[in-house]
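Secondary and tertiary structure notes
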Amino acid sequence: MGVRMWKRIQWWWRRSQENQELDEEIQSHLEIDARERAQAGASPREAEAAAHRAFGNRTRIAEQIREVWSVRWMEELGRDLRYGARSLRRTPGFAFVSVLTLALGIGANTAIFSVVKNVLLEPLAYTEPGRIVAVQTLWTKTNHAGNVSGGDYADLVAKPSPFAAATRYSGGEMPVETAGQAEFVAAYGTDAGFADVFQLKPVAGRLVASDEFRTKATVAVVGEGFAVRHFGAAKKAVGQVLHWEGNALTIVGVLPAEFHFPLKAELWFPEPWEDTSRTAGNYRAVALLKPGVTAEEARAFLAAVGVRLQTAFPATHTGKSFTATPLKDLFLERSRMTLWLLMGAVGLVMLVACVNVANLLLARATARSREIALRAALGAGRSRLVGQLLVESVLLGLAGGAIGLALAFAGVTALLRLAPPNLPRLEQIRVDRVALLFNLAVSLGAAVLFGLWPALRAARVDLHDAVKQGGTRGALGGGRGEWIRGALVSAEVAIALVLTVGAGLLFRSFLALNAVDPGYQTECRLVLTASIPAKTEAQHLQAGATFERIFAALRELPGVSAAAGVMGLPSGPYGSDGSYAVEGMHVFRSDQFLTLPHAGFRLTSPGYFAAMGVPLIAGRDFDERDLYDAEPVVIVSATLARQVFRGQSPLGRRIKCGLERDVWMRVVGVVGDMRNDNPAQPPAPELYMSYRQHPYHANDLHIVVRAQSDVSEAARKTIAQIDPKIPVKVSTLEQFYSDAIALPRFRELLLIVFAGVAAALATVGVYGVMSYAAAQRQAEMGLRIALGATGGDVVAILVGSGAKLAAIGLGCGLAIALTAGRLIDSMLYGIRPQDPFAIGGAVLLLSAAALLAALIPALRASRVDPALALREE
Amino acid sequence: MADKLDVLQGTLDLLILRTLQWGPQHGHGIGQAIRARSGDLLQVEHGSLYPALHRLRREGWIDSEWGVTENNQRAKFYRLTGAGKRQLVAEESKWKLIVKTMARVLRPQE
């Protein structure tokens, strides 16, 4: 079998030479035979004739021999391919539109989805992400999941358990210093199970050994990114020493750059916790499920442990249980909304592309029903006819797929250029293989399905009728086919309208967000993140004094007009918030907390508001007198003053809040509102306190420096002169601000691109169908013109039928958009989902596109020569 | 026609392979050889001979090569391959079995 096939293919490969040899072989046979006959006494002419007679039908024998070698399906396929390519070349418009549609659908969808998946879905770069679960405390009354306590953790992972390995960790951003430089790094203490849960393999050095966890050895493992930044290469980091808050750790190993757990972590050190508290939720925990164990089984196990602990510790564990959630689900939770929106958009664009191709193929099959009928009448088998049409569809699909592939790669490159540079793992974004295959499969499937359906119908057609009727009303030319095509066009317009309205809403929201006044000025403001290690009260107070010296020194720098510190910079990492009470209005007691008003808490140095460009509305700013032992003071934001004091002056009133000091603070000033949490959120009520009166929270500060030029190097040097051990990170306020709106901005950009693609595809689709309809009715139009209709009448008729379909589509799309608008309400800033400008704009845009698409073929039809059109019939 | 026998279905391959056992031969020669060895009783149609030759070649039992006849005429010569020789043995024993079986079946009843 194998030999046979191989030989056949060899023969097929050399078929022209083999055919020639075949002829030569027969020729030589005839010559040999003739010569023998001549030798036997016949005349040369007789001999030759006799040899020919004896041989028989030469052509038929050659055909029989070729049959021996034939690879029939291959040859038929080759014929079909050639025929298909020829027939597509004959109708370049159709081929172009179909291929373009498929390519756009495949390419744009794959590119956008690849970026979205990598950026927004944060895929987990761990060995077996499906098996890793977060183990959390579950408060059954509120269904709130949170950290676990040390005592509970020991019970949760005690063997036998469904976990192959488990680990707990705690930590966060910490100032870390190496020989060369200092920076803020996400650093986490872990226990021995960490490497097992994530099945880690170091790229240099080794992991922390298990006895080093017991002894709390002064060792650490760092991420490759950290190693490269500080030492130039992963290998060079091994053996180096790093410092944080008075600890010195020796780097023993480097983990691969793509491993970031917890999010953005780059430093891991052993922590032998002996905390057995049952109430202090100090740890986060993750575990690796044993092979074959599901998350549900792990949950059931943890719930059982919860019941046991409730019985054992009724005082502390009532309403407390435990749960396990796959890490993947935790990540998805965060971006579910965006994910659904984009998946919806992907689906709709794909739908439009498929509808387009379906439409075009249906229209084409109609136009060709006469040709098909003729071929059937000439004896082409049904399977050959279907095969032929199928080959054409697949040819279209493949061409579209190939161009789509190129578009996908180009698109990913282009999108990466547009993406904000601080998105996580940007450098790892690739064309997503699953998305690519999915899109390819869907488009090919659509092409084949919609190519096959008319093919099957056409092959079943009554030959006599079809041939007699001519081209215009063949298999699908009648009412039914037109009806289906019309419905598809309307559906397409409807989908495109929904997407365009969505994009319009997001675009308007995008403009509104860009135009928003955050309440502070971002230009020409340097932000230095600095940290002074402190443990005791004396050290914390000392840190405040050191910062004061730093601010003073920075103000002396040339070009610097202001310098001040804050804990809780807008869009920064250190915000805090809680309840507060106004003397004479509220009672500040724990059982009253739910009735108390809520505000953001921020600590500032004197001069902060001036440095930020925030106006002082009443009273005074903090000054050098507002120290730890002076009367505590507070400054309130305009919104808080309005909400709580309702027109009365807050100055002189006293406020108490849940930050660490239980003292009444006198209101000394009112300042303008700032959008501290997020530029997209309206300003919240804020309490600003003097950082030197709350020293426990004030040794990690952002220093805002207002300067005419870039003074970052001079600022670094100034701080190093005061204390070279203070780690400093330099950024700008612009950077903080744009980081905060970068993601929504990028998300909107993606959706706008999506909608643009969908609208373009829908227009292409309407054009394709309209131009076919016009071509179909060419004879009718010719007749009308011959009977006295003007070109304008013809245009009106054709455009009118197109406009009707578009109007139906727009109506349906509008209804869907108005209903579905609520779904994206939470993503909109400053406008409602019924925004008339976005909806009106989308309707106008699509109407114009649809009319244009109908107008072009109509104009062409109106210029037709009636005699020519009628003769073609 | 009593003086000519049609080649039985399936026996042509055996005849060709057997003929080529004596050495490479061209198509016309093979036809002639079969006719001569059967005492002019077996007549091989060219319409069956050539397709059969190509079929055997496809199966890998024979190979072909251009050569020159004694009369200095160009012709395509076929020769047995190793696989062809094995096939010939198999076909021969199968044929003998058929002949024996047929003879037994057709033997006059006592």
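From a predicted model like this one, the values you see are computed outputs, not experimental measurements.

1. Comments concerning the interface of chain B and chain A
- Chain B puts 17 residues into the contact, and the matching count from chain A is 18 residues.
- Elements represented by at least two residues in the side of chain B that touches chain A include exactly α2 (27–37), α3 (46–59) and β5 (74–80) of chain B.
- Considering each element in turn, the side of chain B that touches chain A owes the most residues, eight residues, to α3(B).
- When the residues that make up the side of chain B that touches chain A are grouped by side-chain class, the tally is three nonpolar, nine polar and five charged.

2. Describing the confidence of the model for chain A
- For chain A, per-residue confidence averages 80 on the pLDDT scale, and residues scoring 70 or more make up 87% of the total.
- Low confidence marks residues 470–478 of chain A, where pLDDT is under 50. Its contacts with residues over four positions away, or in another chain, come to 32 contacts.

3. Quick word on helix α4 (residues 58–69) of chain A
All names here are of chain A.
- Between the first and last C-alpha of α4 there are 17 Å, a value that for 12 residues agrees with the 16 Å anticipated at 1.5 Å per step.
- What α4 keeps buried is the set Ile61, Ile65 and Trp69. End-on view of α4: buried residues confined to an arc of 90°, all on one side of the axis. Of the exposed residues in α4, the ones pointing more than 90 degrees away from its buried face are Thr59, Arg60, Glu63 and Glu67.

4. Some thoughts on the sheet that holds strand β4 (residues 62–68) of chain B
- Taken in spatial order, the three strands make up an open sheet running β2-β5-β4 (chain B), and their pairing is antiparallel. Two strands lie at the open edges of the sheet, namely β2 (25–26) and β4 of chain B, each paired on one side alone.

5. Examining unusual backbone geometry
- Of note, the amide linkage connecting A:Lys159 to A:Pro160 takes the cis form, showing an omega dihedral of 0°.
- Topologically, A:Pro160 is positioned in the loop between α7 (150–157) and β3 (163–177).
- Within the chain, A:Gln199 stands out as a residue other than glycine whose phi angle is a positive 50°.
- Structurally, A:Gln199 is set in the loop between α8 (194–197) and β5 (204–205).
- Given 14 C-beta atoms within a 10 Å radius, A:Gln199 is considered partly exposed.
- Phi is positive for B:Asn72, close to 65°, though the residue is something other than glycine.
- In this fold, B:Asn72 is placed in the loop between β4 and β5.

6. So, α2(B)
- Here α2(B) has its buried residues at B:Gly27, B:His28, B:Ile30, B:Gly31 and B:Ile34. Along the long axis of α2(B), the arc covered by the buried residues comes to 165°, so they all point the same way.
- Residues of α2(B) that are buried in the fold lie against α2 (15–39) of chain A together with α1 (11–20), β2, β3 (42–43), α3 and β5 of chain B.
- Positive phi appears at B:Gly39, one or two residues downstream of α2(B), with a value of about 60°.

7. Things to note about the packing of α1(B) against α2(B)
Residues and elements named next belong to chain B.
- For the pair α1 and α2, interaxial distance at closest approach is 10 Å and the crossing angle is 100°. When the axes of α1 and α2 are compared, the pair comes out roughly perpendicular. Each of Leu15, Ile16 and Thr19 in α1 lies in contact with α2, whose residues at this interface are Ile30, Ala33 and Ile34.
- Classifying every residue of the contact of α1 with α2 by side-chain character gives five nonpolar, one polar and no charged.

8. Examining the environment of A:Thr178
Residue and element names in this part refer to chain A.
- Tracing the chain through its elements places threonine 178 in the loop between β3 and β4 (182–190).
- The exposure class assigned to threonine 178 is partly exposed, which follows from the 19 C-beta atoms found within 10 Å.
- Sequence separation between threonine 178 and leucine 242 is 64 residues, and the spatial gap between their C-alpha atoms is 4.6 Å.
- Ignoring sequence-local partners within four residues, the contact set of threonine 178 consists of His230, Gln240 and Leu242.

About the criteria used
- Residues numbered from 1 in each chain as written.
- Chains lettered and ligands numbered in written order.
- Predicted model: local features only at pLDDT ≥ 70, side-chain atom pairs only at ≥ 80, totals over all residues.
- Contact = placed C-beta atoms within 7 Å.
- Helix = DSSP H or I, 4+ residues; strand = E, 2+ residues; numbered from the N terminus.
- Nonpolar A, V, L, I, M, F, W, Y, C, P; charged D, E, K, R; others polar.
- pLDDT = per-residue confidence, 0-100.
- Expected span 1.5 Å × (residues − 1).
- Buried ≥ 20, exposed ≤ 12 C-beta atoms within 10 Å, placed from the backbone.
- Arc of directions from axis to C-beta.
- Pairing = 2+ DSSP bridges.
- Axes fitted to C-alpha atoms, helices over the stretch in contact; angles between N-to-C directions.
- Parallel < 35°, antiparallel > 145°, perpendicular 65-115°, else oblique.

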